[in-house]
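Residue-level structure breakdown
Listed here are the chains, written in short residue letters.
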Amino acid sequence: MSEMIRIAIQKSGRLSEDSLNLIRECGIQFNNGTGKLKSEAANFPAEFLSLRDDDIPGYVADGVADIGIVGENVLIETHQKVDLVHRLGFSKCRLSLAVPRGDDYRQLTDLHQKRIATSYPRILSNFLQEHKIEADIHEISGSVEIAPSIGLTDAICDIVSSGSTLMSNGLKEVEVIFRSEAVLIAHPNLSPARQQILDKLIFRIKSVQAAKNNKYILLNAPKDAVAQITSILPGMKSPTIVPLAEEGWVSIHSVINENAFWDIIDNLRAAGAQGILVVPIEKMIM
Ligand code: ATP
Ligand code: ZN
């Protein structure tokens with residue numbers, strides 16, 4: 001049998017959908033039947049394992065899976081011997097300290113000698129140590145946000161995205177201690193054949209990510225505006241310039257970054273660009 005890579009992904013939860021989408025965008029087809037633990041890709045040497053996210057770093061460290069997708073928070077907390085090989089940019093969230101809304105919290109030292117509930121004792125204790133705060137960490141596995149209201153702790157440390165869970169439990173966020181996103185992790189000693197498959201996968205992921213961060217732009221401009229317009233367009237190399245049927249006019253094609261998008265459009269219009277078209281890029285091979 002030819003070499004295959006085993007990829008662990010979250011079975012169902014906040015990482016699942018984006019993990020599956022990324023894999024599909026990499027052109028990898030597989031049949032993810034509901035409740036199936038294992039499934040094989042049809043057109044890529046890979047097999048997928050659907051697991052609880054907390055178990056993924058351990059399985060990758062043991063070599064049961066070769067690579068996996070997890071939140072960086074879980075990667076740090078589980079403290080397994082795996083390599084972080086690529087940041088994936090989705091499932092962004094923060095791990096924060098929160099206290100009851102009525103507390104007049106001013107600074108971190110206010111938590112000295114306090115009780116803090118969390119599912120992330122390692123990340124929290126590292127943070128507290130770094131800031132020389134001595135507090136009593138209560139590890140609980142779920143519903144951390146209710147700990148203060150039932151009198152278990154004075155504060156909590158939990159994942160926050162919008163803050164609505166904190167709000168509905170009468171808490172306020174006071175410190176962000178860690179920012180997380182989904183990451184691709186790998187077993188530290190992959191065989192050369194599997195490493196090669198991983199490299200191929202990372203190459204595809206980078207192309208998908210680059211495409212998402214960029215747009216293809218086409219515009220018309222009078223010839224005498226070309227110099228100024230090309231100076232506004234960074235492009236991959238230099239822009240493509242094609243003459244239009246109308247004398248004295250050209251069409252300019254380039255690639256622009258999503259982040260600077262509206263500024264670039266405004267500058268292009270000011271420089272005389274007309275009929276600007278912006279289209280998504282499906283893949284961008286770097
Ligand atoms: P499992 O059943 O697999 O153990 P879980 O309940 O522990 O799942 P999820 O809530 O699905 O975990 O979250 C998985 C990961 O998604 C978290 O570890 C974190 O990295 C990220 N995450 C958590 N909450 C949010 C959020 N509100 N927005 C974005 N990402 C989040
Ligand atoms: Zn979990």
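Reference entry: report on the structure contained in this document. (Residues numbered from 1 in each chain as written. Chains lettered and ligands numbered in written order. Predicted model: local features only at pLDDT ≥ 70, side-chain atom pairs only at ≥ 80, totals over all residues. Heavy atoms only, no water.)

**Remarks on the pattern of salt bridges**
This is how the line gets drawn: Should a side-chain nitrogen of Lys or Arg be within 4 Å of a carboxyl oxygen of Asp or Glu, the pair is scored as a salt bridge. Put simply, DSSP marks the helices as runs of H or I at least four residues long and the strands as runs of E at least two long, and each gets a number from the N terminus on. Categorising residues by exposure relies on relative accessible area from a 1.4 Å probe, with only protein chains included: less than 20% of the type maximum marks a residue as buried, more than 50% marks it as exposed, and the intermediate range marks it as partly exposed.
Here the structure, examined in full by the defined rule, presents twelve salt bridges. Close ionic contact of Arg194 with Glu3 constitutes a salt bridge, the shortest N to O distance being 2.5 Å. Of this pair, Arg194 sits in helix H6 (residues 192-213) while Glu3 sits in the segment before strand E1 (5-10); the two residues are 191 residues apart in sequence, bridging distant segments of the chain. Given a relative accessible area of 33%, Glu3 falls into the partly exposed group. A salt bridge links Lys283 to Glu282; the nearest nitrogen and oxygen atoms lie 3.6 Å apart. Residue class for Glu282 comes out exposed when judged on its relative accessible area of 67%. Here the salt bridges do not stand alone but share partners, grouping Glu3, Asp66 and Arg194 into one network.

**Some words on the sheet that holds strand E13 (residues 240-243)**
In plain terms, the rule: Note: two strands are recorded as paired if DSSP finds a minimum of 2 bridges between them. Every angle, taken between N-to-C directions, lies between 0 and 180 degrees, and every axis is a line fitted to C-alpha atoms, over only the stretch in contact when it is a helix. Note on contacts: a residue pair is in contact if any heavy atoms of the two residues lie within 4.5 Å.
Strand order in the open sheet formed by four strands is E13-E14-E12-E15, with antiparallel pairing between adjacent strands. In this open sheet, the two edge strands, each paired with only one partner strand, are E13 and strand E15 (274-280). Between one strand and the next, the sheet's axes are offset by a mean angle of 20°, whatever the strand orientation. Relative to strand E14 (residues 249-257), E13 runs antiparallel, the two being bridged by four bridges. What sits directly across from Ile241, in E14, is Ile252. Where H6 meets the sheet, it contacts strand E12 (214-222) and E14, and its direction lies at approximately 40° from that of E12. Where helix H8 (residues 261-270) meets the sheet, it contacts E12, E14 and E15, and its direction lies at approximately 160° from that of E15.

**Remarks on empty space enclosed by the protein**
To keep things clear, this is the line we draw: Cavity means a closed set of points on a 1 Å grid over the protein atoms alone, one where a 1.4 Å probe fits but cannot get out, pocket means an open set with protein on both sides within 12 Å along at least 5 of 7 lines, and lining means a residue has an atom within 4 Å of a point. Grid points are joined across faces, edges and corners, and a volume is the space filled by probe spheres set on the points. Charged means Asp, Glu, Lys or Arg here, nonpolar means Ala, Val, Leu, Ile, Met, Phe, Trp, Tyr, Cys or Pro, and polar covers whatever is left, Gly included.
The tally for this structure, following the rule as stated, stands at one cavity of 30 Å³ or more. In this structure, the largest cavity occupies an estimated 50 Å³ of space. Every residue lining the largest cavity is listed: Ile7, Leu22, Ile23, Ile69, Leu184, Leu201 and Ile205. Taken together, the residues that form the lining of the largest cavity break down as seven nonpolar, no polar and no charged.

**So, the sheet that holds E1**
Strand order in the open sheet formed by six strands is E2-E3-E1-E4-E11-E5, and the pairing between neighbours is mixed. In the strand order of this sheet, the two ends are held by strand E2 (38-40) and strand E5 (83-87), each with one partner. Averaged over all adjacent pairs, the angle separating strand axes in this sheet is 30°, with direction ignored. Here four bridges tie E5 to strand E11 (residues 182-186), and the two strands are oriented antiparallel to one another. Bridge assignment links Arg87 to a residue of E11, and that residue is Val183.

**Quick word on the site of ligand 1**
Threshold: Working definition: residue near molecule or strand if any one of its non-hydrogen atoms lies within 4 Å of it. Each polar contact in these results corresponds to two N or O atoms within 3.5 Å; when the atoms are within protein, one needs to be able to donate a hydrogen and the other to accept it, and residues that are neighboring in sequence are counted only if both atoms are side-chain atoms. Computed with the Shrake-Rupley method and a 1.4 Å probe, the accessible areas treat only the protein chains shown as cover for residues. Occupancy of a cavity or pocket is assigned to a molecule whenever over half of its atoms lie within 2 Å of that pocket's grid points.
Near ligand 1, the surroundings consist of 15 residues, among which Arg14, Arg52, Asp54, Asn73 and Ser161 are the closest. Between ligand 1 and Arg14 there is a distance of 2.7 Å, counted from an oxygen atom to a backbone nitrogen or oxygen. For ligand 1, an oxygen atom lies 2.8 Å from a polar atom in the side chain of Arg52. Notes on ligand 1: free accessible area 630 Å², of which the protein chains cover 76%. One can see that ligand 1 is located within the largest pocket.

**Focus: the coordination of the zinc ion (ligand 2)**
Just so we agree on the cut-off: Any N, O or S atom lying within 2.8 Å of the metal counts as a donor, with the limit raised to 3.2 Å for Na, K and Ca; because water is left out of the atom set, some sites can appear incomplete. When four donors show all angles between 85 and 135 degrees the site is tetrahedral, when four or six donors have opposite pairs over 155 degrees and all other angles between 65 and 115 it is square planar or octahedral respectively, and in every other case it is irregular.
At the metal site, the zinc ion (ligand 2) is ligated by Asp53 (OD) and Asp54 (OD), and these contacts range over 2.0 to 2.1 Å. Between the four donor atoms coordinating the zinc ion (ligand 2), the angles at the centre fall across 73 to 170°, so the site counts as irregular. The exposure class of Asp54 is partly exposed, given its relative accessible area of 37%.

Without other data, these values stay purely geometric and don't point to any function.
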